[in-house]
Each structure stands twice: as C-alpha cells, then as structure tokens.
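Results of the structural survey
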Amino acid sequence: MVRTRFAPSPTGYLHIGGVRTALFNWLFTRRHGGQFLLRIDDTDQQRNVEAALAPILHGFRWLGLDWDEGPEVGGPHAPYYQSQRLGRYHDAVRKLLAAGAAYRDFATTEEIAAEREAAEREKRPFIYSRKWMAESDADAKRFEAQGRQGVVRLKMPRSGTLVIPDLVRGDVAFEWSREQDHVVQRADGTCLYHLASVVDDFDFEISHVIRAEEHLSNTPRQIFIAQSLGFPLPEYAHLPYVAEPGSKNKLSKRKLDKYLKNADFAKVNAHGQAIAQALGLPITAETFNPVIVDFYEQVGYLSDAILNYLLLLGWSLDDKTEYLSRDEMIANFSLERVNKAPASFDPKKLSAFQDHYMQQVPLKQKVALVLPYLQRAGYVPKPTPCDVGPQLTRLVEAAGDRIKVAGDILSYADFFTDDEALTYDEATFDKRLRAAGATDLLWKYRQGLADVEPFEPASLEEYTKRFAAAENIQLNDIIHALRAALTGKGVGLGLFDTLAILGRERSVRRIELALERART
RNA sequence: GGCCCCGUCGUCUAGCCAGGUCUAGGACACAGGCCUUUCACGCCUGCAACACGGGUUCGAAUCCCGUCGGGGUCACCA
C-alpha cells in the first residue's frame, strides 16, 4: 500500500516550491491508489499554530490536493501534529539509548565549537570526540554535578558505507564516518525534527518519502535512526528543488527583492498587485507575491493551470505533451520520469498555462468566476441586481481571452460606473478627441445613433460603415475617437460590442460628456 | 573547505539506461510577418542548445576518464 505525506511547517503561507513537492506526492499516491497525508511539523513552534496553518490548508483545498489523513480530517493515526506526539519521540529516544545507538552528551556549546574550529584549522573533517559522552549513569551524575546540561546524541557508526537507493537519483553512497553525532533531544527535553520525522513516518506507515533534495544529505542519519529502532525503511525519492527565475539557486521567499529585478517576475507581480489594490486587499510584499500560492488565488488564476505548470517543472510525459487534465496527470505520473536537475520557476510560462486554461472555461462559468471581483471592488452591489447578469455575460463574452485571470475583469469596471465618473487616459483623449475635426464627426455620429435598430453589434457596424462612407473618411477615423469617448481608453473591446453593452442611452451620454470635455 | 547532487536553445524539456533514424524535436519567451477598428487571440516564419577536453567505436548528446561550472548540505531549524 502506497502512503505518502507532505509535512508543512505552520509558517502562514504556502510556498510554490512546497506545492510542487506536495503535488508529486499526491500524484504518486493517487496513481497507486494509496493515501496521502498531511503532517504538521510544529516541533519548535510557538502558539499560533492554527492561525499559521489555516492559509496552508486553504491553499491545498483551493488546489484540489485532498488529503486522506491529517489536520481537520483526522485519521487512524491521529494526532498528526508533531507537537502532540512528544511522548512517541521520548519513547524512541529511550529505545535508542537502550540500544546503544544514542548517548547522553554533556559537552557545552563552546566545547563543541572549539572542537569544530580545531578541525577546521587542521583542515580535517569535524567529528565529535565524544569526550563528554556519558557511558554510564555515574558519568552522567558526575557531569551534572559540574553543572552541565545533557542532550542526547546519535552514536553514529564510524566506518562503513551506506548506499541509499533513491527512486529519482539511483544509488547514492555515503561514508558513515563523515556523519555527525547529531542531537536528537535538546537539553530542555524536546526532540528534534529528524527523530520526530522518522518516528512519524513509521507510525503513519509511510511507504514512500518523496521530498526535496535538500533532505538527501539528511537521509543517512534518518536511516540510522530508523534502523536502530527496528523500523523498516521507506522508499526514498529526492526531488530536485525549484530554482529562482533565471538562476539555479533554490527559490526562497526571503529573496523577493532579487526576484523583482527579474522583468518577467516583476511584471506578473505588478499585475497581481494592481488587482489586489483594486480589491482593497490588506497585502504586503512578504505575504503577497508570485512565490506564494495565495497570490494566484486572489488574483484569479485557475488551480488547474498552476498544477499543470508545476507538474512540468521537473517532470514530463514525452516530447510534446503540455496540457494534462488531472485524470491524465494521475494516470501518467511516475517517479522514473522526474528530472534530476533543478528547474527554474518561470512566472511567464505559468501565465501561458493560465491563458490556455482560461480559454477553456465556458462562458457561464467565467461569468461566475469574475463576478465576485466586481463585487469586492465595489462596482456591483451584493446581492447582484438582476440586470447585471446579462450585461456581465455580454461583457465577458466580448472580452473573450482578454480576461486572462479572473481579476482582469476590473479592467472593464468602467462599464459599471456612472457615466459622469468615467476616467480618461489623457494622452489618448488628446490624440483622439482633440484632433482636428474629431468632435464634429462625433457629434454627427451621435445624431445617427438614435435611429440604429436594433442597437446591436451587427447593425451598429453597418451604421458606422455607412457613416464613414458618407463622410468620406476611413473607419479608423471615427472608431478610435469613439472608443476614447466611450471608455476613456485607447485599447479595449471591439467597438461595436462596447456600444451594444453600454446601450443607446449611455453611449450617447458618454459621447456628449466627451464632447463637452474636449471643448475645455 | 568536507560530503553529496546536477550540467541539452534565455527558460521548461524530449532524446541518454538498450550509441547510428539527431544537419538535436516540442513548449514558453523573443524577433519579423499575416489577420485586424485598438488591444488580446489565432496563424506563419525566424532566432537559439548537446559545458570543455581526452578516450572507446566505422559512428557519441548518448558509454568511460578527466577538467570546468552550478547547486544542495554541513544547527540543541524544519
């Protein structure tokens, strides 16, 4: 039975690299009909675990990565919080001690540091001398009498080779003699991550440990702990980490300033920030940026696009498949096809996947996706007035694939504002409406609008073409001025759609307002 | 620095294990063009890579050795 886990620390946000790791675990599990669990690594956490965990669980739910056991859903091995499993870890420490696989050590931090420095000076690898190792209770009493505090260290083998079979990397060899006597229990009695992780993986019957490669060098000590405790070893698969945009360094939430110097990253970020601002979200750069999953949800990305992009960051099906549905992902995922080299996170390519998936969304669904943004930004009241639905549907249809993320609807919010409140792009207004003859043409055009029947794109186009012919001008000569008058912008929807959506009365009104404005 | 991992277009990658079909394929990005009422979409074209050096072989992106380069990790963090 395949059982995998993802073990987030309650940090308050879900990192995009973490999601990639979680996704591979989830996919592998679903592929093999097993269980995927969430374990909370809060061994050194403060008080607000629940609050710091909420956004992470929310992110998983939004992405559709469901877990079979863990927080909120429970399970036969509960609790799934490390902070609530301390007794298990203490049992393990006792067993390790009894088996001679660990010892109580009374060295001070300074003494260890001195040994390390000496080793560095002599250019030899540091290995603890075990000078303050208590081999008996009497030793321990003697050290304690000196006022020393004891920790528990692993008594690592000092010879031999360990070969770790890794499902992604093949066999990886380590020399035991290079491994440190790591601390597994602190002086205050609390236990450390490696011990806790091994114990939990055993308790939760984890069959495959699929994690990022920064854990590869931690694996020998974990194997030592597991073997000393008599636990069967899980299979290991160490995934390449997700790298920064345009570099091979590990992606980190702390280096945001640096990423913002990357043009693509900055562009995606700025786009999202603008939407967030329009929504009045209480955001800071630390909590809202393209490294954090919540960013994408708030801005209105599709979770399918995120997942598909992340899947291809380190995995591929063949030489051409780009788009995979969830079922296809599950049916085809395999650890054998995971790449060994790190892959750079490219927000531009993610956007490309988003474009693609957004184009697949049926109109009705797209309207539903987009409506909350207009409401939250205050353009449409809640509950939705009944005339908004049809108008919004027409708008979304006319906008077509200009709406790349749900939040993009805000670019068209002017359709929902009072005509008097319309804002104008000055450069466009000057160019199109203060040009010679522009106002005369518009004035005449407006006159004719009264007789267009029906007030729909086709007949509007016909009228406009007739108008241009009669005036002996190019269609362009009237269209650009009209768009500027109706929307205040130089770019936007098709002009005849714009007219139809606004309706006769508001179109006329906006033309009049623009004419008036052009005179001043 | 020690240990470990990795190295195909700017980026994600296919090909590598089982050498020839690879004058290295696809995608994103970029450039040019077409379409067109702007923008976006779409379509077409183009640019662009086997880190380097040896070896093995009739033949190497693929196998071997070395070099260089990049990264991860070396906590009483997770």
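Please read these numbers as outputs of a predicted model, since none were measured by experiment.

Overview of the overall build of chain A
- Of the regular secondary structure elements, chain A holds 20 helices and 12 strands.
- The C-alpha radius of gyration computed for chain A amounts to 32 Å, which surpasses the reference 24 Å derived for 520 residues by more than 25%, pointing to a less compact arrangement than a globule.
- Expressed as lengths along the three principal axes of its C-alpha atoms, the size of chain A is roughly 105 × 45 × 45 Å.
- Counting contacts in chain A only where the partners sit at least 6 residues apart, residues at least 24 apart contribute 72% of the total.
- By element, 50% of the accessible surface of chain A is carried by carbon and sulfur atoms, the whole surface being about 24,200 Å².
- Charge separation in chain A, taken as the distance between the mean sites of 66 positive and 71 negative side-chain charges, equals 3 Å.

A word on the environment of F353
- With respect to the helices and strands, F353 occurs in helix 13 (residues 347-360).
- Here F353 falls in the buried class, since its relative accessible area comes to 2%.
- In this structure, the C-alpha to C-alpha distance between F353 and S252, residues 101 residues apart in sequence, is 23 Å.
- Dropping the residues within four chain positions of it, F353 is found in contact with A305, N308, Y309, L312, E322 and Y323.

Observations concerning the protein's contact with RNA strand B
- What surrounds RNA strand B is a group of 60 residues, the closest being R169, R186, Y241, G314 and R402.
- Counting only atoms of RNA strand B within 4 Å of the protein, the fraction found in sugar and phosphate groups is 76%.
- Y193 has a polar backbone atom sitting 3.1 Å from a phosphate oxygen of RNA strand B.
- For the surface near RNA strand B, the secondary-structure elements that each account for two or more residues are strand 7 (170-175), helix 6 (193-203), strand 12 (343-344), helix 13, helix 19 (475-487) and helix 20 (495-519).
- Within the surface near RNA strand B, the residues separate by chemical class into 20 nonpolar, 17 polar and 23 charged.

Describing the sheet that holds strand 8 (residues 183-185)
- Taken in spatial order, the four strands of this open sheet run 4-3-5-8, and their pairing is antiparallel. This sheet does not close on itself; its edge strands, each paired only once, are strand 4 (133-134) and strand 8.
- In the sheet, strand 5 (residues 151-154) pairs with strand 8 via two bridges, with the strands oriented antiparallel. Within the sheet, the bridge partner assigned to V152 lies in strand 8 and is Q185.

Observations regarding the pairing of strand 7
- Where strand 6 (residues 161-166) meets strand 7, six bridges bridge the pair, whose relative direction is antiparallel. Counterpart to T161 in the pairing with strand 7 is E175.
- With antiparallel pairing between neighbouring strands as the criterion, strand 6 and strand 7 make up a hairpin whose turn holds three residues.

Topic: the packing of helix 3 (residues 86-98) against helix 6
- At a minimum axis distance of 10 Å, the contact between helix 3 and helix 6 shows a crossing angle of 105 degrees. Relative to helix 6, the element helix 3 lies roughly perpendicular. Mapping the contact onto sequence places R88, Y89, A92, V93 and L96 in helix 3 and L195, A196, V199, D200 and D203 in helix 6.
- Across the contact of helix 3 with helix 6, the residue classes tally to seven nonpolar, no polar and three charged.

Notes on the confidence of the model for chain A
- In the predicted model, chain A carries a mean pLDDT of 94, and the fraction of residues at 70 or more is 99%.
- Interface predicted TM-score (ipTM) for the complex: 0.95; the corresponding pTM is 0.95.

Considering the pattern of salt bridges
- Applying the stated criterion to the full structure yields 40 salt bridges.
- Across the pair D41 and R39 runs a salt bridge whose closest N-O atoms are separated by 2.8 Å.
- Residue R434 pairs with E426 through a salt bridge whose shortest N-O separation is 4.0 Å.
- Each of R5, R39, D41, R85, R88, D91, R94, D200, D201 and D203 takes part in a single network of salt bridges with overlapping partners.

Considerations on the packing of aromatic side chains
- Taken as a whole and judged by the stated rule, the model has 20 aromatic pairs.
- Look at F288 and F295: their rings are 4.8 Å apart centre to centre, the planes differ by 45 degrees, and that puts the pair in the tilted class.
- Relative accessible area serves as the criterion here: at 0%, F295 is assigned to the buried category.
- Every member of this aromatic cluster is reached through a ring pair, and the members are Y309, Y323, F345, F353 and Y357.
- When the ring centre of F24 is taken as origin, the NZ or CZ atom of R20, which lies over that ring, is 5.1 Å away.
- The positively charged end of R153 is found above the aromatic ring belonging to Y128, 5.1 Å away from the centroid.

What about the packing of helix 1 (residues 16-31) against helix 11 (residues 303-311)?
- Where helix 1 meets helix 11, the closest approach of the two axes is 10 Å, and the angle between their N-to-C directions is 85 degrees. One way to sum up the angle between helix 1 and helix 11 is to call them roughly perpendicular. Contacts from I16, V19, R20, L23, F24 and L27 of helix 1 reach helix 11 at I306, L307, L310 and L311.

Here is what the cut-offs are and how they apply
Residues numbered from 1 in each chain as written. Chains lettered and ligands numbered in written order. Predicted model: local features only at pLDDT ≥ 70, side-chain atom pairs only at ≥ 80, totals over all residues. Heavy atoms only, no water. Helix = DSSP H or I, 4+ residues; strand = E, 2+ residues; numbered from the N terminus. Rg over C-alpha atoms; globule rule 2.2 N^0.38 Å. Contact = heavy atoms within 4.5 Å. Areas by Shrake-Rupley, 256 points an atom, 1.4 Å probe, with all protein chains shown as cover. Lys, Arg positive; Asp, Glu negative; His and termini not counted. Charge placed at Lys NZ, Arg CZ, Asp CG, Glu CD. Buried < 20%, exposed > 50% of the residue type's maximum accessible area, 1.4 Å probe, protein only. Near = heavy atom within 4 Å. Polar contact = N/O pair within 3.5 Å; in protein donor to acceptor, adjacent residues only side chain to side chain. Nonpolar A, V, L, I, M, F, W, Y, C, P; charged D, E, K, R; others polar. Pairing = 2+ DSSP bridges. Axes fitted to C-alpha atoms, helices over the stretch in contact; angles between N-to-C directions. Parallel < 35°, antiparallel > 145°, perpendicular 65-115°, else oblique. pLDDT = per-residue confidence, 0-100. Salt bridge = Lys/Arg side-chain N within 4 Å of Asp/Glu carboxyl O. Phe/Tyr/Trp six-rings, centres within 6.5 Å; stacked < 30°, edge-to-face > 60°. Lys NZ or Arg CZ within 6 Å of the ring centre and 35° of its normal.

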